[in-house]
Amino acid sequence: MKKNPPRAAGQAASLLLAVCLLSGCTALLERSYSVVEPYADRYWDSGAEDTLRVDNYQDLVNSLLLLVEEHAEEGVIRCYGESWTYQQARAAREEVRRETTLGSYLLKDLLFDYESGTNYSTITCTMSYREDAEDVSSLITISDSQSLVDLLRLAVREELEKQTARFSYDTPREDVLAAVEGLWQEMCQAEMEQQATLEADLKAEEDGQEAEPEAESEADSPEGEPNAQAEEPSGEPEENTSEEDLPDDEEPSADNPAEEPEPVVYPPCPWQIKYYPDNATAEIVEVILKR
C-alpha cells in the first residue's frame, strides 16, 4: 500500500499542535500564587496566647477595635517599642469609645488596668456592650437623608419603637435633623387636615338636622297670612353709598396689602435622634420613635 505523504505530514502537524497546547495549559496550571493573611493576625503576640501585640499608638487603637468587633469581654494587650504611659492608654480608650463608629455604637463601657514593665507594658481590658444595639453587619445602609425618611415612614406604619440605619458616607447632623423634622411636620399637617375634615363633616350634619324643622313650619303656615318677620316698607328711599362717599378711614387703600395667614405652629418633635459617633458628621443614626 502506498503511503500518503501529505496526510502523514498533516497528522504530524496536528500532533505537534496538540503538544504545544497541552504544554501551554500546564504552564497556566503551574502559575504561582500567594495567600493573603488577615490583617488582624499581625496584632496577635506569637509569644503569648490570646494576647495582642502593639508597637505604636495606632496599633493600640486598632487592637481595641479588634476586640470590640469580636465582642470580646476581656482582652490583654502588650505594648512594645515605645516608652508607654497610662495617659496614652487612656487616650486610646477614649478615642475608641467616642470617635470610632463601632466603639461609640456597641460599647457601653471599656475599663482597663495598666501595668508598666521593663520590656513591655500590659493593658488588661474589660468591655461591656449595649443590650439594645443591633448587629452592625445587619444594619440597613442608606445613601442620603431622604432614604432615612423613607425608612422612618415604614417604621411609623409598622409601629416600631426604633429605626437604625448606617450611612454609606459621613452625613452632617443638620441634614439628618432637617429630614426628621420635615417628616414630623408632614405627619402633623396630615393629622390637622384630617381633623378639620371631620369637624366640617360634623358641622354640615348638624346644620342639616336644624334646617329640616324650619322647612316643615313654613309649609304648615296658612296661605295669605303675612309673615310676621317680614320687614314693612318704610317709604324712604334707600341711600346709595358709593366708594366716593366713604370716609377716609374706610376707603380701600392699595398701600395696605391683605394680611398674610399666620404660620402653622407644629408641636415639638418627640423623636430622639442619636448619632454614632457623636460628632459633626455621623455614620450610624438611631431614631427613637416613642411618642
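To start, this report covers the structure provided alongside it. (Residues numbered from 1 in each chain as written. Predicted model: local features only at pLDDT ≥ 70, side-chain atom pairs only at ≥ 80, totals over all residues. Heavy atoms only, no water.)

## Side note on the sheet that holds strand E5 (residues 140-142)
Sheet strands line up and pair through hydrogen bonds in the backbone, either parallel or antiparallel.
Line of reasoning, step 1. Strand order across the open sheet formed by 4 strands is E5-E6-E8-E7, with mixed pairing between neighbours. At either margin of the open sheet sits one strand with a lone partner, and together these are E5 and strand E7 (272-276). If you compare each strand with its neighbour and ignore which way they point, the axes differ by 30° on average.
Line of reasoning, step 2. Direction of pairing for strand E6 (residues 162-172) relative to strand E8 (residues 281-288): antiparallel, over a ladder of 7 bridges. Counted as the bridge partner of alanine 165 is valine 285 from E8.
Line of reasoning, step 3. Against the sheet, helix H5 (residues 145-157) engages E5, E6 and E8, with an angle of about 175° to E6. (Pairing = 2+ DSSP bridges. Helix = DSSP H or I, 4+ residues; strand = E, 2+ residues; numbered from the N terminus. Axes fitted to C-alpha atoms, helices over the stretch in contact; angles between N-to-C directions. Contact = heavy atoms within 4.5 Å.)

## What to know about a negative patch on the surface
Line of reasoning, step 1. On the surface, Asp201, Glu205, Glu206 and Glu210 cluster together to form a negatively charged patch.
Line of reasoning, step 2. Within the element layout of this structure, glutamate 205 appears in helix H6 (residues 173-220). (Patch = residues over 30% accessible without salt bridge, like charges linked within 9 Å, V, L, I, M, F, W, Y side chains within 5 Å. Areas by Shrake-Rupley, 256 points an atom, 1.4 Å probe, with all protein chains shown as cover. Salt bridge = Lys/Arg side-chain N within 4 Å of Asp/Glu carboxyl O. Lys, Arg positive; Asp, Glu negative; His and termini not counted. Charge placed at Lys NZ, Arg CZ, Asp CG, Glu CD.)

## Description of the packing of aromatic side chains
Line of reasoning, step 1. Enumeration according to the criterion identifies 5 aromatic pairs in this entry.
Line of reasoning, step 2. Between the aromatic rings of tryptophan 184 and tryptophan 271, the centroid separation amounts to 5.6 Å while the plane-to-plane angle is 70°, which identifies the pairing as edge-to-face. Here tryptophan 184 is found in helix H6, whereas its partner tryptophan 271 is found in the loop between H6 and E7, with 87 residues between them in sequence.
Line of reasoning, step 3. Exposure remark for tryptophan 184: the relative accessible area of 5% places this residue in the buried category.
Line of reasoning, step 4. For tryptophan 271, a relative accessible area of 7% gives the class buried.
Line of reasoning, step 5. By the ring-pair criterion, three or more aromatic residues cluster together here, those being Tyr86, Phe112 and Tyr114.
Line of reasoning, step 6. A cation over an aromatic ring shows up here: arginine 53 above the ring of tyrosine 80, its NZ or CZ 3.9 Å from the ring centre. (Phe/Tyr/Trp six-rings, centres within 6.5 Å; stacked < 30°, edge-to-face > 60°. Buried < 20%, exposed > 50% of the residue type's maximum accessible area, 1.4 Å probe, protein only. Lys NZ or Arg CZ within 6 Å of the ring centre and 35° of its normal.)

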